[in-house]
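# Structural overview
Here is how the chains run, residue by residue.
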Amino acid sequence: NAGVMQNPRHLVRRRGQEARLRCSPMKGHSHVYWYRQLPEEGLKFMVYLQKENIIDESGMPKERFSAEFPKEGPSILRIQQVVRGDSAAYFCASSQVNNEKLFFGSGTQLSVL
Amino acid sequence: GESVGLHLPTLSVQEGDNSIINCAYSNSASDYFIWYKQESGKGPQFIIDIRSNMDKRQGQRVTVLLNKTVKHLSLQIAATQPGDSAVYFCAEKGWTSYDKVIFGPGTSLSVIP
């Protein structure tokens with residue numbers, strides 16, 4: 001049973017480009033979280049989704065950031081017109097319905113040049 | 001609440017000693033608490049959890065203590081080993097399935113051989 005899969009592992013973008021980060025949850029998991037982490041800092045909540053529905057996006061910047069978790073396929077975190085301040089590690093976690101235990105992927109390290 | 005942009009506090013312990021990592025959580029309505037371990041370059045890994053109707057829970061070499069009166073959580077690691085060196089995060093969640101999991105700022109544990 002594969003764990004949470006995130007790709008790419010590393011993503012380099014120039015300022016103004018778009019970044020797409022993918023997350024495939026564990027088999028049987030219908031809830032997905034995205035977190036952002038800067039070096040030497042904690043995990044900052046961004047968004048909580050279940051299939052085809054955003055439960056809580058209170059941690060998402062109002063502009064340029066969006067997330068989806070379609071009925072089929074991985075969850076996508078999209079960052080449009082990236083800026084240097086978007087450089088960070090982005091972690092995805094998944095959980096089963098009514099089970100709070102989160103299982104994390106290995107993260108995507110986004111570097112904006 | 002949300003983890004903030006502070007450098008991680010550090011705890012250094014001698015191999016074989018016991019470690020105690022502390023966490024102050026923010027929301028008195030939180031119902032579920034979790035400790036995660038994050039090694040360098042990896043995603044957080046679940047260690048142990050506890051619900052608000054308990055004040056102590058034991059796992060293999062780890063014990064979590066919960067004091068709801070002062071909103072304090074601690075993780076005790078017995079006979080600390082070099083492999084325990086990592087950053088440790090506490091996390092909290094409310095009782096509904098719509099509540100998100102919020103992480104504390106983390107503590108860096110360094111084990112001296």
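All of the points below concern the structure found in this document. (Residues numbered from 1 in each chain as written. Chains lettered and ligands numbered in written order. Predicted model: local features only at pLDDT ≥ 70, side-chain atom pairs only at ≥ 80, totals over all residues. Heavy atoms only, no water.)

### A short note on the side chain of Asp84 of chain B
Residues and elements named next belong to chain B.
- Mapped onto the fold, Asp84 is located in the loop between strand 7 (72-77) and strand 8 (86-93).
- Judged by relative accessible area, which is 7%, Asp84 ranks as buried.
- Side chain to side chain, Asp84 and Arg61 meet in a polar contact 3.0 Å long.
- When near neighbours in sequence (up to four residues on either side) are disregarded, Asp84 contacts Lys37, Arg61, Ile77, Ala79, Leu109 and Val111. (Helix = DSSP H or I, 4+ residues; strand = E, 2+ residues; numbered from the N terminus. Buried < 20%, exposed > 50% of the residue type's maximum accessible area, 1.4 Å probe, protein only. Polar contact = N/O pair within 3.5 Å; in protein donor to acceptor, adjacent residues only side chain to side chain. Contact = heavy atoms within 4.5 Å.)

### Concerning the sheet that holds strand 3 (residues 19-24) of chain A
Residues and elements named next belong to chain A.
- Spatial ordering of the open sheet is given by 1-3-8-7, a layout of 4 strands whose pairing is antiparallel. The open sheet has two edge strands, strand 1 (5-7) and strand 7 (65-68), and neither has a second partner. When strand polarity is set aside, the average angle formed by the axes of neighbouring strands in this sheet is 15°.
- Bridging between strand 3 and strand 8 (residues 75-79) involves 5 bridges; their strand directions are antiparallel. Note on strand 8: the bridge partner recorded for Leu21 is Leu77. (Pairing = 2+ DSSP bridges. Axes fitted to C-alpha atoms, helices over the stretch in contact; angles between N-to-C directions.)

### Let's talk about unusual backbone geometry
- In this chain, Asn7 of chain A is followed by Pro8 of chain A through a cis amide linkage whose omega measures 0°.
- With respect to the helices and strands, the residue Pro8 of chain A is situated in the loop between strand 1 and strand 2 (10-13).
- One non-glycine residue, Arg64 of chain A, lies in the positive phi region at around 75°.
- Its place among the elements puts Arg64 of chain A in the loop between strand 6 (53-56) and strand 7.
- Of the residues examined, Arg64 of chain A reaches a relative accessible area of 24% and is grouped as partly exposed.
- You will see that Arg61 of chain B, though not glycine, has its phi angle at about 65°, which is positive.

### Some points on the interface of chain A and chain B
- The interface of chain A with chain B comprises 22 residues on the first partner and 28 residues on the second.
- Counting the surface lost from both chain A and chain B, the interface buries some 2,100 Å², and carbon and sulfur atoms represent 54% of this.
- By the criterion of area lost to chain B, the three top residues of chain A are Glu40, Leu43 and Glu100 of chain A, representing 29% of everything that side buries.
- Here chain A and chain B share 1 salt bridge between them.
- Among the ionic pairs, Asp56 of chain A bridges to Lys100 of chain B, the shortest N-O distance being 3.2 Å.
- Along the contact surface separating chain A from chain B lie 6 residue pairs in polar contact (both at pLDDT 80 or more).
- Put simply, the parts of the chain that give the side of chain A that touches chain B at least two residues each are strand 4 (31-37), strand 5 (43-50) and strand 6 of chain A.
- If you tally residues by element for the side of chain A that touches chain B, the top one is strand 5 of chain A, at 4 residues.
- For the side of chain A that touches chain B, the per-class residue count stands at 9 nonpolar, 6 polar and 7 charged. (Buried area = accessible area lost by both parts, 1.4 Å probe. Salt bridge = Lys/Arg side-chain N within 4 Å of Asp/Glu carboxyl O. Nonpolar A, V, L, I, M, F, W, Y, C, P; charged D, E, K, R; others polar.)

### Here we look at the packing of aromatic side chains
- Under the defined criterion, the tally for this structure stands at 12 aromatic pairs over all chains.
- Between Tyr35 of chain A and Phe103 of chain B the ring centres are 5.1 Å apart and the planes differ by 80°, which places this aromatic pair in the edge-to-face class. With one member in each of two chains, Tyr35 of chain A in strand 4 and Phe103 of chain B in strand 9 (residues 102-103) form a pair that bridges those chains. Each of the two residues, Tyr35 of chain A as well as Phe103 of chain B, counts as buried.
- Between Phe104 of chain A and Phe103 of chain B the ring centres are 5.8 Å apart and the planes differ by 80°, which places this aromatic pair in the edge-to-face class. Remark: Phe103 of chain B occurs in strand 9 and Phe104 of chain A occurs in strand 10 (residues 103-104); the pair is interchain, linking two chains. Taken as a pair, Phe104 of chain A and Phe103 of chain B share a single burial class, namely buried.
- Among the aromatic residues, ring-to-ring pairing joins Tyr33, Tyr35, Phe45, Tyr48 and Phe104 of chain A together with Tyr36, Phe46, Phe89 and Phe103 of chain B into one connected group.
- If you follow Lys101 of chain A out to its NZ or CZ, it ends over the ring of Phe46 of chain B, 4.3 Å from the centre. (Phe/Tyr/Trp six-rings, centres within 6.5 Å; stacked < 30°, edge-to-face > 60°. Lys NZ or Arg CZ within 6 Å of the ring centre and 35° of its normal.)

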